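# Examination of the molecular architecture
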Amino acid sequence: MTMRVVLLGTGGPRPDPARGGTTTLVRCGDDNILFDAGRGVTVRLVEAGVPLAAVNPVFITHHHFDHIGDLYDVMLATWMGGRKEALKIYGPPDTKRIVDALLTQVYDKDIGWRHMGEPAMGGWKPVAVTDIIAGDVVDTGRWKVTPHTVSHGHGLDIPPAFLHRWVCHGYRFEADGKVIAISGDTVDCPGLDRLAADADVLVQCCFLASPEIDNEHFRRLAKHTLACGDTVGKIAARNRVKTLVLTHHRPRRDDAMLNVLAEEVARDFSGRIVIGRDLTEIEV
Ligand SMILES: [Zn+2]
């Protein structure tokens, strides 16, 4: 079975002409499994030559807008692209609430208009959304995906009642004896070790190189919110990862700091390092 990782978006919340919102596609045989649905995802799917109707299911890591901003586009564009089955969406608690709001309060008129006015599309094809937590497993027999809870801002000064609702996932994808780990947005934490252990490929958020961590805001970010160049190599080495793919980059004017980042990570990790760009493909 051929297995490939395609980086559809490697940026973050700040608009970057070169990078979409963090989104990763796993192509496994005939299946196209989407992890997150950030800014520009459907455009990148078309650029990557992936038939929109063939995208299913979608796993959401967490509810920041750089990861779910174009989820509506995935739901509607896959339908317009010929999707016949229900689009399955899995994500942390509140994913169902968000999807229901998009379908019944934001795009209900659009869906109704196309459903009634453009019968050639065969009528609306539903979305089946399921909230999942660590311990759940989605197993198709061809591949399985396991969510693990990761730490993304949980150490910040945010009230516990809010953090209780702020559940963030990374995902471990397994098929044919191979493991692809999708870190989600996280800093170093036990959940990240669980999903990344012995992975063939770890797609890891990495926002900054160490020289860029030069103020209090970035120090807090690197400690609590997004892993950076000072930790990602250690995480990959400790977990015996074969290929480390870095995504979720800040907008930069040129590649100079990406080269610094690559050198920094290589000091901690002797495996293969891929500095991700939109549409980078990695054979597994
Ligand atoms: Zn993010």
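The preceding data block contains the structure.
The notes below deal with the structure included here. The shown structure was predicted, so the numbers you read here are calculated from the model rather than taken from an experiment.

### Quick word on the packing of aromatic side chains
Applying the stated criterion across every chain, the model contains 9 aromatic pairs. Ring geometry for Phe59 against Tyr90: centres 5.1 Å apart, planes inclined by 20°, an arrangement best described as stacked. Pair noted here: Phe59 is in strand β4 (residues 55-59) and Tyr90 is in strand β5 (residues 87-91), with a separation of 31 residues, a long-range link. Neither Phe59 nor Tyr90 differs from the other in exposure class; each is buried. Taken together through their ring pairs, the aromatic side chains of Phe35, Phe59, Tyr90, Trp143, Tyr171 and Phe173 make up a single cluster. Cation over ring: Arg83 sits above Trp124, and NZ or CZ is 5.7 Å from the ring centre.

### Section: the pattern of salt bridges
Under the counting rule described, the total for this entry stands at 20 salt bridges. Here Asp110 and Arg114 are joined by a salt bridge, their closest N and O atoms 2.5 Å apart. You can see Asp110 and its partner Arg114 sitting in helix α5 (residues 108-117), 4 residues apart, about one turn around the helix. The exposure class of Asp110 is partly exposed, given its relative accessible area of 25%. Between Arg172 and Glu174 there is a salt bridge; the shortest N-O distance is 3.8 Å. Using a relative accessible area of 24% as the deciding quantity, one classes Glu174 as partly exposed.

### What about the pairing of strand β2 (residues 23-28)?
For β2, a buried count of 6 out of 6 residues is recorded, marking the element as mostly surrounded by other parts of the structure. Alternating positions in β2 separate into two faces, Thr23, Leu25 and Arg27 on one and Thr24, Val26 and Cys28 on the other, with burial throughout. For strand β1 (residues 3-9) and β2, the ladder comprises 6 bridges, and the chain directions are antiparallel. Paired with Arg4 across the bridge in β2 is Arg27.

### Points about the coordination of the zinc ion
Only Asp66 (OD), His67 (NE2), Asp185 (OD) and His248 (NE2) from the protein reach the zinc ion as donors, at distances of 2.1 to 2.2 Å. Between the 4 donor atoms coordinating the zinc ion, the angles at the centre fall across 88 to 172°, so the site counts as irregular. Donor residues for the zinc ion, ordered by position in the chain, follow D-H-x117-D-x62-H. On the criterion of sequence distance, the pair formed by Asp66 in helix α2 (residues 65-68) and Asp185 in the loop between β10 (178-182) and α7 (190-196) is long-range, its members being 119 residues apart.

### Side note on empty space enclosed by the protein
Within the structure shown, the criterion is met by 1 cavity of 30 Å³ or more. Listing elements by their share of the lining of the largest cavity, those giving two or more residues are β2 and β11 (201-205). Considering only residue class, the lining of the largest cavity consists of 4 nonpolar, 8 polar and 2 charged.

### Remarks on the pairing of β5
The element β5 is largely enclosed, with a buried count of 4 among its 5 residues. Alignment of β4 against β5, held across 2 bridges, turns out to be parallel. Each residue of the ladder has a partner; that of Phe59, found in β5, is Tyr90. The pairing of β5 with strand β6 (residues 127-131) spans 5 bridges and is classified as parallel. When the sheet's bridge partners are listed, Ile89 is paired in β6 with Val129.

Definitions and limits used
- Residues numbered from 1 in each chain as written.
- Predicted model: local features only at pLDDT ≥ 70, side-chain atom pairs only at ≥ 80, totals over all residues.
- Heavy atoms only, no water.
- Phe/Tyr/Trp six-rings, centres within 6.5 Å; stacked < 30°, edge-to-face > 60°.
- Helix = DSSP H or I, 4+ residues; strand = E, 2+ residues; numbered from the N terminus.
- Buried < 20%, exposed > 50% of the residue type's maximum accessible area, 1.4 Å probe, protein only.
- Lys NZ or Arg CZ within 6 Å of the ring centre and 35° of its normal.
- Salt bridge = Lys/Arg side-chain N within 4 Å of Asp/Glu carboxyl O.
- Pairing = 2+ DSSP bridges.
- Donors = N, O, S within 2.8 Å, 3.2 Å for Na, K, Ca; no water.
- Tetrahedral: all angles 85-135°; square planar, octahedral: opposite > 155°, others 65-115°.
- 1 Å grid on protein atoms, 1.4 Å probe; cavity = no way out; pocket = protein on both sides within 12 Å on 5 of 7 lines; lining within 4 Å.
- Points joined across faces, edges and corners; volume = space filled by probe spheres on them.
- Nonpolar A, V, L, I, M, F, W, Y, C, P; charged D, E, K, R; others polar.

These values are about where atoms sit, not about what they do.
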